Amino acid sequence: MKTLKLLNYAADQWVAGDGGLAEVHSAVTGDVIAETGSNGLDFKAMLDHARKVGGPALRAMTFHERAWMLKDLANAIMARKEELYELNYATGATRTDGWIDIEGGAGTLFSFSSKGRRELPNGRILIDGAMEPLSKGGSFVGQHVFTPLQGVAVHINAFNFPVWGMLEKLGPTLLAGVPAIVKPASATGYLAEACVRIMIEADILPKGALQLVMGGVGDLMDHLTLQDVVSFTGSAQTAMKLQSHPVIARKSVRFIAERDSLNASILGPDAAPGTPEFDLFVKEVAREMTVKAGQKCTAIRRAMAPAEHLDAVQDALSARLAKVRIGDPREEGVTMGALASARQLHDVREQIARLHKQARIVSGNPDHVFPGHEKGAFMEPVLLRTDTPWSADAVHDVEAFGPVSTIMPYKDLEDAIALANRGMGSLALSLFTFDNKVAEEFVLNAGAYHGRMVILDRTSAKESTGHGSPLPVLVHGGPGRAGGGEEMGGIRGVTHYMQRTALQGAPEMLSKVVHQWLPGADKPTGDVHPFRKRISELEIGYTLKTESRTVTLEDVEHFAAFTGDNFYAHMDEEAAKANPIFDGRVAHGYLILSFAAGLFVDPAPGPVLANTGLETLRFQTPLYPGDSMRVELTVKSKSVRDEEKGEVRWAVYVFNQKDEVVATYELMTMNTP
Ligand code: NDP
C-alpha cells in the first residue's frame, strides 16, 4: 500500500500540513501507511469560516432540511463503505469491528435523521416543554425554547472508532444547526479522513459546515468563545488538560467529555452456574474483551461474581478466551485483530503491569509475540483475578484499554453495589440477573454512578444490543471519571449544541415567534372548514368553532349499550351521586370524544388522510345528561413529512353551555401537504 498523504480540510479546501509530518503505522504490519500533520493551518481563520459561512448556512435550514441532509450523508457513506472497510483493516480491526465503526456510524446518522424528522418541527426554533401561565388574565406567559449556538463545535475524537466516534458527534451537531471542526486521533485518522472525503465529495453539506484537522490543534483553543462547544473523547489526562485551558473557564465554553471508564459487569446472586444468566455473563465478558481488541470506552474492565461462583466464572471465561483466534484481521476465521498501534500495545502492557501488582493473571500472556506478526500490535486477551477487591485499588482505577478484564468476588448485593460504584463513575454497567428485586436494588443504589445500565436475562438475551453498545437513542456518557459528559440520547444530544432560553411575553406574540399556537393566542376563524385546507393553506391558530349539541340520557344509555361500557357513574344515579366527584350520572368521556368528532369532522374526502392519535387528553368538568357541548378545533402546529403527507396537530377544546372546559386534547391528523 502506498503511503497516504493525509490532508486537512480548511475553509472548504483540502490542504496539506506544512512540514513536520508524523508517520502513521499499520497496526497489523507496522509499516508506514500515512503521513499526517496540521502545521501551517490558520485555526482562527477556520473558526471564523465556520462561524461566518457554515453557521449561517446551517441555521437558515429547518430541522427537517438538516435531518434530510444527515440521511444523504449516511447514504453517501454506505455507498462507498468498502473503501472504508479496506482502510479499517490497517487499524487492526476485523470486519465485524469495522461494521460497528462504519455502518454503526452511518446508522447513527440515519437514526438522528429519522428522529429529527419525527420529533423536531420543520422550523428553526425548538420548543422545550409546555407553556407556563404567568398571569391571572393569561396575557403574559412563558415558554422555553432552544436556538442553535452561533459558534463552532470542536470535536476531538479518540482513536478507537474513527468513523462512529466522528459521526455520533456530527449527527446531533449538524441537526442542531452548528458547524463542526473535527480532529481525529492521529493513530487511525486516515479512516476518519477517508470518511470526511466521502461526505465532502457527495456535495451535501453547505460550505463551512465541516472542517478537518489532521494533527495538533495549534492555538485553536485560544480563539474559542461562549458560542462554541468542545466535545472530547479520549484519556482523562488530555480531557483535564483541555478543560483547564484558561479560555474554557473564562468564557464558559461548553465542554463535553467522554473519558476512561472502569465499567463493571455483575453476575447476580441468583445467577449460579447452570442458569442462562451465568452463561450470558461469561459470553458477554469474553465478547467485551475481544471485540475491537477491547479498545472500547464501554468495555467490561471489572467482572464481579458471588464469591462461591468465581472459580466457575474463571474456568468458563478462560475456556472461551482460549478459543479466540488472533491474527491479521483480513484472514478468514480470525476473531480478534490487533490493537490500534504499537504505542497502544505498549500502554496496555504498562497498565497490565500495574494491575498485576494487585491481581494475578489467570489467562493470556500480555507479552506473547505472534510469530510472523512481530511488528503488529497483537496481544492475547488477558484475564486477571483478585480475591481481595477492597484492597486491590488498581483494579478500580487503572484502565488497560485493550483485551483486558479483571474478575473479582463479592460477598452480598450491598458489597457488589459498593464495588461497582468504586469505579467512581462509569459509562456502562451490566447486571445479569433474573431477579427483579436484585435489579431494583442495583438501579436504586448504583444508578447515580453509571451513565447506562443494562439488565440482562434469559428473556432479553436474544435481542439485546449487549453491554458495550452505545445507541443513538440512548444517552452515552457517565458521571465522574467517565467525564461527566452526555452525548446522543436522541434529541437530548441535539440540545447540547443549542441554547435554552426562557421566553416571556403575550401568547400571541410568542406563538408567532415559535410558529406554534399557544393557549391564549388568537384563534382566527374563516368560511372554509379547516379539513378542506391543505397543510400549506392552514394558518397556525386557524380555528373551527362548532355548533353545540345537547347530550341526553338516551345518548348515554345508547352509548353504554352499544359499547358495553356500563360503568356505574354513567348508569346508576345513586352510585354516581355517592362518588365524591359527580353529582349524578355523567356522560362517558369517550362519548364526549365521539360527539366532538361528530361536531368538527367535515366528512367528504379531502386533505385530511387519517386520524393518527391524540395526546394529553384531560376531562376537566363532568358533562351531565341535559348539558350541551361545543368544540373549538385550532391548528396548533404542522409539519410536512414528504411530498405526500405531513402531520397537523390540533388543539381541541370541548366546552359546556357555561363555557367551562369539559375536555382538552391534542389531535393528530395526517394531511396532504
Ligand atoms: P488521548 O487523550 O491522548 O487522545 C484523544 C484525542 O485527543 C486524540 O484526538 C488526540 O489527538 C487528542 N489530543 C491529545 N492531546 C491533545 C491536545 N493537547 N490538544 C488537543 N487535542 C489533543 O487519548 P488516546 O486516544 O491516545 O487514548 C488514550 C487513552 O484514553 C486510552 O488508553 C483510554 O484509556 C482512553 N480512551 C477513552 C475513550 C472513551 O471513550 N472513554 C476512548 C478512547 C480512549 P492525537 O491522537 O493527534 O494525539
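See the structure shown above.
To keep things clear, this report deals only with the structure shown in the data block. (Residues numbered from 1 in each chain as written. Predicted model: local features only at pLDDT ≥ 70, side-chain atom pairs only at ≥ 80, totals over all residues. Heavy atoms only, no water.)

On to the overall build of the protein chain, then. Secondary structure summary: the protein chain contains 19 helices and 27 strands in total. Its C-alpha atoms put the protein chain at 90 × 60 × 45 Å along the principal axes. In the protein chain, which comprises 673 residues, the share counted as buried stands at 56%. Here the contacts in the protein chain between residues at least 6 apart in sequence split such that 73% fall between residues at least 24 apart. For the protein chain, the accessible surface area stands at approximately 28,100 Å², while carbon and sulfur atoms represent 53% of it. (Helix = DSSP H or I, 4+ residues; strand = E, 2+ residues; numbered from the N terminus. Buried < 20%, exposed > 50% of the residue type's maximum accessible area, 1.4 Å probe, protein only. Contact = heavy atoms within 4.5 Å. Areas by Shrake-Rupley, 256 points an atom, 1.4 Å probe, with all protein chains shown as cover.)

Let us look at a negative patch on the surface. The grouping of Asp412, Glu414, Glu440 and Glu441 at the surface amounts to a negative patch. One can find glutamate 414 in helix H12 (residues 413-421). (Patch = residues over 30% accessible without salt bridge, like charges linked within 9 Å, V, L, I, M, F, W, Y side chains within 5 Å. Salt bridge = Lys/Arg side-chain N within 4 Å of Asp/Glu carboxyl O. Lys, Arg positive; Asp, Glu negative; His and termini not counted. Charge placed at Lys NZ, Arg CZ, Asp CG, Glu CD.)

Along the chain, arginine 630 turns up in strand S25 (residues 628-640). The residues touching arginine 630, leaving out its near neighbours within four places in the chain, are Thr546, Glu547, Ser548, Leu599, Tyr653, Val654, Phe655 and Asp659.

With respect to spatial proximity, 25 residues lie near the ligand, and among them Ser186, Ser235, Thr238, Arg259 and Glu399 are the closest. Within the backbone of asparagine 157, an N or O atom sits 2.6 Å from an oxygen atom of the ligand. Within the side chain of serine 235, an N or O atom sits 2.6 Å from an oxygen atom of the ligand. Here the ligand has 880 Å² of accessible area as a free molecule, and 83% of this is covered by the chains. Going through the elements one at a time, strand S11 (229-233), helix H7 (236-243) and helix H11 (342-356) are the ones with two or more residues in the shell around the ligand. The biggest single contributor to the shell around the ligand is H7, with three residues. The residue makeup of the shell around the ligand, split by class, is 10 nonpolar, eight polar and seven charged. (Near = heavy atom within 4 Å. Polar contact = N/O pair within 3.5 Å; in protein donor to acceptor, adjacent residues only side chain to side chain. Nonpolar A, V, L, I, M, F, W, Y, C, P; charged D, E, K, R; others polar.)

Attention now moves to helix H5 (residues 164-176). Between the first and last C-alpha of H5 there are 18 Å, a value that for 13 residues agrees with the 18 Å anticipated at 1.5 Å per step. In the structure, H5 departs most strongly from a straight axis at leucine 170, where the bend amounts to approximately 25° and where the proline proline 172 lies between one and four residues downstream. Buried residues dominate H5, accounting for 13 of its 13 residues. (Expected span 1.5 Å × (residues − 1). Bend = angle between axes of the 7 residues up to and from the residue.)

Looking now at the pattern of salt bridges. In this structure the tally under the stated criterion is 38 salt bridges. For glutamate 82, the salt bridge is made with arginine 95, and the minimal N-O distance between the two is 2.9 Å. With glutamate 82 in helix H3 (residues 81-88) and arginine 95 in helix H4 (residues 95-119), this pair connects stretches of sequence that are 13 residues apart. What makes arginine 95 partly exposed here is its relative accessible area of 34%. A single network of salt bridges, built from pairs that share partners, joins Glu615, Lys636, Glu647, Arg649 and Glu666.

If you trace the backbone, glutamine 295 turns up in the loop between helix H9 (276-290) and strand S14 (302-306). Take glutamine 295: its relative accessible area is 2%, and that puts it in the buried class. With 191 residues separating them along the chain, glutamine 295 and glutamate 486 place their C-alpha atoms 20 Å apart. When neighbours within four sequence positions are excluded, glutamine 295 is seen to be in contact with Phe159, Asn160, Phe161, Ala338, Leu339, Ala340, Gln344, Phe401 and Gly402. Looking at glutamine 295, its side chain comes within polar contact range of the main-chain nitrogen of alanine 340, at 2.9 Å.

What follows deals with the sheet that holds strand S5 (residues 32-36). Spatial strand order, S1-S5-S4: three strands in an open sheet with mixed pairing. Each edge of the open sheet is held by one strand with a lone partner, namely strand S1 (4-5) and strand S4 (22-25). Pairing of S1 with S5, which is carried by two bridges, proceeds in the parallel orientation. In the sheet register, leucine 4 faces S5, and the bridge partner there is alanine 34. (Pairing = 2+ DSSP bridges.)

Put simply, helix H2 (residues 63-79) and H5 touch, their axes get as near as 8 Å, and they point 150° apart. The pairing of H2 with H5 is recorded here as roughly antiparallel in orientation. Crossing of H2 over H5 shows right-handed handedness. Where H2 approaches H5, its residues Phe63, Arg66, Ala67, Met69, Leu70, Leu73 and Ile77 are matched on the opposing element by Leu167, Gly171, Leu174, Leu175 and Ala176. Across the contact of H2 with H5, the residue classes break down as 10 nonpolar, one polar and one charged. (Axes fitted to C-alpha atoms, helices over the stretch in contact; angles between N-to-C directions. Parallel < 35°, antiparallel > 145°, perpendicular 65-115°, else oblique. Left-handed = near helix turned anticlockwise from the far one by under 90°.)

Moving on, we come to the pairing of strand S12 (residues 254-258). Across the five residues that make up S12, a large majority, four, are buried. Bridge count for S11 against S12 is five bridges, and the pairing is parallel. Paired with threonine 233 across the strands is glutamate 258, a residue of S12.

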